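# Coordinates in review
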Amino acid sequence: MITSCASPTVILEPYQKNNERLCSTETRANHSLVPCALQNGSLAVAEGRTITPVINELLSLPSFVAKVTTQDWHPQNHVSFASNHPPPNNRPFIDTVTIYHPDDPSLGHYETRLWPDHCVQNTPGAELIPELDASKATHNIKKGTDPRVEMYSAFVDPLGVCDSGLNSLLQDEKVSHVYVVGLAGDYCVKSTAMDAVKLLGLEGKVFVIEDGTKPVDGGEPWEESKKDMESKGVKVIGISAKEVRWLYGEGLEA
Ligand code: ZN
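Figured I'd write up the structure that's included with this text. (Residues numbered from 1 in each chain as written. Predicted model: local features only at pLDDT ≥ 70, side-chain atom pairs only at ≥ 80, totals over all residues.)

In this section: the overall build of the chain. Secondary structure assignment for the chain yields 5 helices and 9 strands. Moving toward the C terminus, one meets the helices and strands of the chain in the order β-β-α-β-β-β-β-α-β-α-β-α-β-α. Residue burial in the chain is summarised as follows: out of 254 residues, 42% are buried. Long-range pairs, those at least 24 residues apart, make up 78% of the contacts in the chain between residues at least 6 apart in sequence. (Helix = DSSP H or I, 4+ residues; strand = E, 2+ residues; numbered from the N terminus. Buried ≥ 20, exposed ≤ 12 C-beta atoms within 10 Å, placed from the backbone. Contact = placed C-beta atoms within 7 Å.)

Here it is in structure tokens:
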């Protein structure tokens, strides 16, 4: 139950001009696209911007009922910023902190990694990268707005304190398949994809397109992240997979 989000402003913003229903007379599938955190100040991801053409191509397709961009939108006092914790255990990328439920520590806690200050609200670092064709999106979500909790998933933080509204949006659109791309593959993309399976009950129908994402930690850690996702019902696919061809009207799943 959502009781105490410290950021009561609406964080799910429809783009009015694209708010008409985009597709779906010709197909029984309702596809949605979630490009995560393509921002000037996104977490340090090697070659992160090289994925933008793939994402712009996906955004250009009329075959999605919802295309929801997301933005990390942190207050300056956000718990994930190393600068908000005392030394010596506040090294960005290296140290972690334990986050307890803000209302009652007995309700739960989790360990989370510390980062340099990034994507601070109303700063250039929080803006979507200019080469992303965000005008093709139907909605945008600002997340990580509560200073007390870290929120990689575009749906909800691990303690259920802040719900972005994405779950009800995708349920209202009767979404049957979710495609997740963007940054970073091993954080926001992974958490968003796994929550899509869990919250929407779409096991085997949530896809991370590997050509459309990059991880913070490549190599073996990324292989582990992919295994984690697969074990939770997410399919990690390439750009030429049949699940992507469906978006072009080829071989649609019944
Ligand atoms: Zn963040």
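One broad trend across soluble globular proteins is that nonpolar side chains are buried collectively. One finds Val180, Cys188, Ala193 and Val208 to be the most contacted residues of the largest nonpolar core, which totals 53 residues. When contributions to this core are tallied by element, the ones reaching two or more residues are strand 2 (31-36), helix 1 (52-60), strand 3 (64-72), helix 2 (166-172), strand 7 (177-183), helix 3 (185-200), strand 8 (206-214) and strand 9 (234-237). For this core, the element with the most residues is helix 3, which contributes 7 residues. Leave out the neighbours within four places in its chain, and Val208 touches Val180, Val189, Ala193, Thr213, Met229, Val234 and Val236. (Core = buried A, V, L, I, M, F, W, Y, C linked by C-beta atoms within 7 Å.)

Across the 16 residues that make up helix 3, a large majority, 13, are buried. Where helix 3 ends, the next residue or the one after it, Gly201, has phi of about 65°, a positive value.

Among the structural elements, Phe207 can be located in strand 8. Note: C-alpha distance between Phe207 and Val244 (37 residues apart in sequence) is 9.1 Å. Excluding anything up to four places from it in sequence, Phe207 contacts Tyr179, Lys235, Ile237 and Glu243.

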